[in-house]
Structure formats: C-alpha cells, structure tokens
Amino acid sequence: MFLRRLATAFKSQDWVIVITELAMVFAGVLIALQFDNWNTTNRNQRALDEMLERVVAELDLNDDIIATLSEQIEGGSDARAAAFQALDECDGSETARVNMNSTLNDLARDYSPSLSSISLEQLNRRDAFLDLLSLDIRTALGVYSNHLQEEQNQLRFNAGLRWDQHVMTNQLVTIDLNVEEGAHSLAIPQDMTLICDDPAFRRQFFITVAFVESTRLRLQRFKEYMDAFRLALEAEISDR
C-alpha cells in the first residue's frame, strides 16, 4: 500500500505526498529505535541494580572473611608472645613446651584469605553498566578494584614465601600421634634446649610469625579501602 502510493506520487510528481510519506516512514523508524533504546536502557538499569546489590553482598562477605581471620590471628598473639619469651629464656619447663607445641599448630593454619571479587569483575567488564554509573562511583570502582587485585596478589605471594620458610619444615618439628583420640599434631622434642640452641628454628619461627602478623595488618589496611568504596557504592545506590 505504501509503495503503491509512493510510486503514484512519483509518477504524478506530487512531491508533497512523497515527502510526507517518507517523513512518516523515517519518523516511525526513529520512534521504534527510540523505544528499543529506552527498553534496552531499562533492562540494563534493572540488571545494574541487581549487580550493585551483589557487589554489596560481596563486600559483606569480605568483611566477614577479614573479621574472622583477624580474630584468629589476634587470638593467638598472647601464645606467640609467650613462645618467643620461652625461646629467649630457654625455658625448659613442660608448660613452655606445651605452649610452643600449641603455637606451632596454630601457625600451621591456613592464613591465606581468598577475597571474593566475582561480581566486581563482572561489573568492570560490562561497559553498558559502567556507562550508567556516575563519575564518582566509576572512579571509586577503579581505585577499589586496583587495591583488591594488588592485595590478592601480595597475599598469595606472601603465603608462598611463608610456606617456603615455615617453621614446621624445621627438622626438629615432628608429628605427635595421639592414639586415643585418633588425632595428630605438630610437636617439638622433650628437650626445649634443642630448639633454643638452633638458630634455624629461631629464624623460621620468627619468619612464620611475621608473615601471619603482616597478613592481619594488610587486611586491616585493605578494609579501609573497602569501607571507602562501600560508602561511595551506597551513595550511588541511594541516588538511583
């Protein structure tokens, strides 16, 4: 129908009809494109809202990971201090040996946190989502993402060094089998003077403790970056 009217108008050189018909076609196309863009933007807005909520949940998870690990490390600080004192004084008492054994087993825990970043990485890869965010949150997102990547890389690197030089690899550290309970644990010899006089043990013990403490300090510093990003993210969500 449209083509027939347009052909008739061309033949009769009725340019008003030709221009009118073409204008209606172009207007229809533009309206359709505008509606499609509006519909796509709305879908992206809804998907972005869900993505931001997942990023918030990820921050909550990392908060819990940091709090739990920091509590574990701080919980063993008194025992580690007592173990250092026993080494300095070469305390040969059974109490000192039991405390040292307990400290060794505490240090053998996995102090290598795995911080969550799946939703954050997905957000960074979606240009359509990033275009809908304010400049402030995009800046905060870039800063936090860089800090997170750097922290994860450094924690993995430190964990590798820690296990390479861990005190549990010392030849004086053995396994104490508890037949009654069916358990086993790290242990040192009955004679505490053996480890007191062993410079390798002292060095490895110090390095292991230092890496554990540095993990706690790094996580506390990273939490400040995470809290700053959380404030920016909450402001962005409230403004949407």
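Above: the structure in question.
Residues numbered from 1 in each chain as written. Predicted model: local features only at pLDDT ≥ 70, side-chain atom pairs only at ≥ 80, totals over all residues. Heavy atoms only, no water.

**A word on the packing of helix α4 (residues 94-107) against helix α9 (residues 199-239)**
As a reminder, the rule being used: Here an angle of 0 to 180 degrees is reported between the N-to-C directions of two axes, which are lines fitted to C-alpha atoms, with helices fitted over the stretch in contact. Strands here mean DSSP runs of E at least two residues long; helices mean DSSP runs of H or I at least four residues long; both are numbered from the N terminus. Just so you know how the angles are binned, under 35 degrees is roughly parallel, over 145 roughly antiparallel, 65 to 115 roughly perpendicular, and the rest oblique. By the definition used in this description, the sense in which the near helix is turned from the far one sets the handedness, with an anticlockwise turn below a right angle giving left-handed and a clockwise turn giving right-handed. Any two residues having at least one pair of non-hydrogen atoms within 4.5 Å are treated as being in contact. Gly falls in the polar group here, along with every residue not listed as nonpolar (Ala, Val, Leu, Ile, Met, Phe, Trp, Tyr, Cys, Pro) or charged (Asp, Glu, Lys, Arg).
Look at α4 against α9: their axes get within 11 Å of each other, and the N-to-C directions meet at 50°. Here α4 lies oblique to α9, going by the angle between them. Read as a crossing pair, α4 and α9 show a hand that is left-handed. In this structure, α4 contributes Met100, Thr103, Leu104 and Leu107 to the contact, and α9 contributes Phe201, Phe205, Thr208, Val209 and Val212. For the contact of α4 with α9, the class distribution of residues is seven nonpolar, two polar and no charged.

**What about empty space enclosed by the protein?**
So the rule is basically this: Method remark: on a 1 Å grid restricted to protein atoms, a set of points is classed as a cavity if a 1.4 Å probe fits but cannot get out and as a pocket if it is open with protein on both sides within 12 Å along at least five of seven lines; lining residues have an atom within 4 Å of a point. Grid points are joined across faces, edges and corners, and a volume is the space filled by probe spheres set on the points.
Inspection of the entire model under this criterion finds two cavities of 30 Å³ or more. What lines the largest cavity is Tyr111, Ser112, Pro113, Leu155, Asn158, Ala159, Arg162, Phe211, Val212 and Thr215. Of all elements in the fold, only α7 (135-164) and α9 reach the threshold of two or more residues within the lining of the largest cavity. Ranked by residues supplied to the lining of the largest cavity, first place goes to α7 with four residues. Along its surface, the second largest cavity is lined by Val55, Glu58, Leu59, Asn62, Ser116, Leu120, Tyr144 and Leu148. Taken together, the elements giving at least two residues each to the lining of the second largest cavity come down to α2 (15-75) and α7. A per-element tally of the lining of the second largest cavity places α2 first, with four residues.

**Examining unusual backbone geometry**
One non-glycine residue, Cys90, lies in positive phi territory at about 50°. On the secondary structure map, Cys90 appears in the loop between α3 (77-89) and α4.

Everything listed here is a matter of geometry and, on its own, says nothing about what the molecule does.
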